Amino acid sequence: MFLKPYRLKSSAALKGSEAKKLRARLDLAFPHISVENLLPAKANVTQLKILTHGGTASIVYCVDKQPMFFELDGGQLVPTVYTLWTTPEIIPYFTTHEGVLPKLTNGADLMLPGVVPLGVGLSMYGHYKKGQLVGINLTNNSSAVAVGQLARSSDELYMCGGHGVAVKVLHLFGDKLWSHEPSLLQQIPVMRTKPLTTDDFPALGAVEQRKVPKTPVQPEQTVELPAEPATDAIEASTASLNLDEPEEIADNEPTPETMLKNAFLAALKNNGKKLPLPLLTSNFYRLYVVNEAAEQIDLKKTRYKKLSNFLAEMVDQGFIVVREETKGVDKIISVDLEHPELLNFITDVKTNDSSAAAETPLFHSELKEMYVVTDVTAAFFTKLNYKRGEGIPVAQVKKIVREYVSKHAAIHPLTKIVEPDEVLRELCGNREATLSEITSIITSKMEHSYQMCSGKDTSGKPQIQMSLATRSGNKKVTLVSNIEAYGIIMAELIKLCKQGAAASTTIVKLPHQKHEQLQVQGNQVRFIYTLLTETYKVPPKCILGLELAKDGKKKRK
C-alpha cells in the first residue's frame, strides 16, 4: 500500500475535541489497550490526508511527527510498525522465516508456505476471522516487520492445504510510510523469541495436551468480531460521540478560507525570520503567501473578498501587526513567530512543485542483511572497536575475522589451518579450523537481523571522481564516476542536471570499465559538486576533482 510514494493532500494538527474523538475510536477498536499508551494526552497529533500511488485515499495519524495509525477504506484504524514496536500486544501475530522479509519488501503478500504454524490441527492458524488485523514477525525476532489483514479465516487457511495467500500486507518496515519523517527513522528492535522445545512437536496420534504458548494478545480479545448486538452498541456509542465518518473526512476538501490561512501560516513559518520588515502587505501576499498555496486562491471566492479584510482578521488573532503609512498603503511591521497556532502548524507540503519533488526519491533503498554482536561474541569484536549490539553487514564479518586472525593468531601456510588464541578458543573450542569454519561458528553465535539502508550511508564507498574531457569540436565535457555506489537514482540526477545547468546530460560507458559515467556538456564541476553536497548531502571529502572548476573570472592580458 505504501511501497511507492504517496501524495500528501493536506496536513493539520488535531484540536482537543478531535483528538478526544480519535481516542474514543481507538478505545473501541482496541479495548484491551490503554488509550494513554497509544495517544498520550499532551502529544501533538497531526492528521495527514494522503493519496496512495494506487489512487486510494487514506488518513494517517502522526503522534509527534511519527506515523502511528492509518485508516482503510472502511474506516478501520490500522497500527503502523512504530505502534507495534511500542505496544506489541495490540494485535496478534503470524510468524514467518527470516528469508521471507526481502520478498515482502518487494511487494509480495505473506503466503501460507511461509507461515510458521501456531499449533496443530484446526488451531494451526489460530481462531481468527477473515480481515483480522495481524502483525508479521520473524522466527529469530518477535518484533513486527509488517502489518496486514488475513486473506481468509483460520478455518479456511487450514483447509487450503498450505497453499495460497495468508496475509495481505498493508504496511511494512522500509516502505514510504515508515520513512515519512526521516529524522525519526527506527530500525527493527531485536527481541529474541523463545526457542522451540520437544513439547512443541507432540507425537503423531497423541492427544493434544500441550500448553498454548503465551501470545502478545489473546485471540478472544482482539480477533473474534463481536455479535450483532455488540456491533449495534458500538455504532450507537460512536453516534453518541458525534464522530464523523471516515469517508466523509476523506472526501471533504479544504475550503478556500482554510487554504488561504494555511498558505498564510506556511509563509510565516518558512520565511518569518527572513521577511524584510516593514513589508508592504501586497508584496507579502504576492511574494510569500501565493507561493505557499497548494492551489491557486481567488480572494473574491472567499468570505473576505479583499486582502485587507483577511489581514485584519490575522491582526485580531495576533499573528501580525500592520501599520498604515499613507492612505491605502499598509505595511507589516512585526510578526509573532511564537504564536501557539503558528508553532503547532506543520508545513509538509508547500506547493505542487515541492510535493512532486518530495514524491520523487533521490536514493535507492536497500535491505541489508546484518549480524548483531551478542554477549557471547562481544569479547571478540570489542578488540576490533565494535560494540555490543552493533550490526555488522554479512560481507564484512569475514573481513573482520581475517583481520583478527592475522593479528592475534597463526595460520599454517600449507594447510591454511588457524591456530586459535584464547578468545577464539572460547568461541570455537580447542580444535583447529579453517578461516571459513571459524567465520561460520562466530556468525552462528550472533543474532541475525535486517537493516534498511539508503544511499546516504557513505562508509566504505569509493570516492566520486570528477574529471574533464574533450570531445569532437574541442568541446569540453564533465565526467563523473562512482555515483551509483552512493545509491543515487541516475534518472533523477540527470533531470536535475538538465534543469540546473541547462546542459546536455547523458550516461556513457567507457571501454574496459565496469561502471557507467555521468557526462555533462561543458565544465560543470562546480555545479555538480554543489548539487551532490547540498541536495544529496554527500560529504565533501567523498568528492574529488573540485580543483578543475572554473573560477568564474577572465584573465586580463
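Summary of the structure given here.

Rules used throughout
- Residues numbered from 1 in each chain as written.
- Predicted model: local features only at pLDDT ≥ 70, side-chain atom pairs only at ≥ 80, totals over all residues.
- Heavy atoms only, no water.
- Helix = DSSP H or I, 4+ residues; strand = E, 2+ residues; numbered from the N terminus.
- Expected span 1.5 Å × (residues − 1).
- Buried < 20%, exposed > 50% of the residue type's maximum accessible area, 1.4 Å probe, protein only.
- Arc of directions from axis to C-beta.
- Contact = heavy atoms within 4.5 Å.
- Pairing = 2+ DSSP bridges.
- Axes fitted to C-alpha atoms, helices over the stretch in contact; angles between N-to-C directions.
- Parallel < 35°, antiparallel > 145°, perpendicular 65-115°, else oblique.
- Left-handed = near helix turned anticlockwise from the far one by under 90°.
- Nonpolar A, V, L, I, M, F, W, Y, C, P; charged D, E, K, R; others polar.
- Salt bridge = Lys/Arg side-chain N within 4 Å of Asp/Glu carboxyl O.

In this section: helix α10 (residues 281–292). Between its first and last C-alpha atoms α10 spans 16 Å; for 12 residues at 1.5 Å apiece the expected length is 16 Å, and the two agree. Considered for burial, the residues of α10 that qualify are Thr 281, Phe 284, Tyr 285, Tyr 288, Val 289 and Glu 292. Seen end-on, α10 carries its buried residues on one side only, within an arc spanning 125 degrees. Taken together, the buried residues of α10 touch α9 (256–271), β12 (279–280), α11 (307–316), β13 (320–326) and β14 (329–335).

A few words now on the side chain of Ser 153. Within the secondary structure layout, Ser 153 lies in the loop between β10 (141–150) and α5 (154–159). Aside from chain neighbours lying at most four places away, what touches Ser 153 is Tyr 128, Lys 129 and Lys 130.

What follows is about the side chain of Thr 52. Position of Thr 52 relative to the elements: it lies in the loop between β2 (45–51) and β3 (57–63). By relative accessible area, which is 7% here, Thr 52 ends up buried. Every residue in contact with Thr 52, bar those within four places of it in the chain, is listed here: Met 1, Phe 2 and Tyr 6.

Most of strand β11 (residues 165–172) sits inside the fold, with six of its eight residues counted as buried. Direction of pairing for strand β7 (residues 110–111) relative to β11: antiparallel, over a ladder of two bridges. Each bridged residue has a counterpart across the sheet, and for Met 111 the counterpart in β11 is Val 165.

It is worth spelling out the packing of helix α18 (residues 490–501) against helix α19 (residues 525–535) at this point. Two elements in contact, α18 and α19, have axes whose closest approach is 11 Å; the angle formed by their N-to-C orientations is 125 degrees. Between α18 and α19, the crossing angle belongs to the class labelled oblique. Along this stretch, α18 crosses α19, giving a crossing that reads as right-handed. Within the contact between the two elements, α18 uses Leu 493, Leu 496, Cys 497, Gly 500 and Ala 501 and α19 uses Phe 527, Leu 531 and Thr 535. By residue class, the composition of the contact of α18 with α19 is six nonpolar, two polar and no charged.

The tally for this structure, following the rule as stated, stands at five salt bridges. A salt bridge links Arg 388 to Asp 375, with the shortest nitrogen-to-oxygen separation between them at 2.7 Å. With a gap of 13 residues between them, Arg 388 in the loop between α14 (378–382) and β16 (391–393) and Asp 375 in the loop between β15 (365–372) and α14 connect regions that are remote in the sequence. Both residues of the pair, Arg 388 and Asp 375, count as exposed.

What follows concerns the sheet that holds strand β23 (residues 505–508). Taken together, the five strands give an open sheet; going across it, the order is β23-β24-β22-β21-β25, and neighbouring strands pair in mixed fashion. Looking along the sheet, the strands with just one partner apiece sit at the ends: β23 and β25 (543–544). With four bridges joining them, β23 and strand β24 (residues 517–521) adopt antiparallel strand pairing. When the bridges of β24 are listed, Ile 507 appears paired with Leu 518. Across the sheet, α18 lies against β23 and β24, angled at about 145 degrees from β23, the strand it touches most. Strand contacts of α19: β21 (464–471), β22 (475–481), β24 and β25, with the helix running at about 155 degrees to β21, the strand carrying the most contacts.

Here we take up unusual backbone geometry. Note on backbone geometry: most residues besides glycine have negative phi, and most peptide bonds are trans. In this model, Leu 277 is joined to Pro 278 through a cis peptide bond whose omega is -5 degrees. Mapped onto the elements of the fold, Pro 278 is located in the loop between α9 and β12. Phi is positive for Ala 502, which is not a glycine, with a value near 55 degrees. Note on Ala 502: relative accessible area 69%, which makes it exposed.

Here we come to the environment of Leu 22. Of note, Leu 22 is situated in helix α1 (residues 16–29). As for Leu 22 and Leu 39, which are separated by 17 residues in sequence, their C-alpha atoms are 8.8 Å apart. The residues contacting Leu 22, other than those within four sequence positions of it, are Leu 14, Leu 39, Val 45, Tyr 61 and Leu 77.

Shape descriptors only; they carry no functional weight alone.
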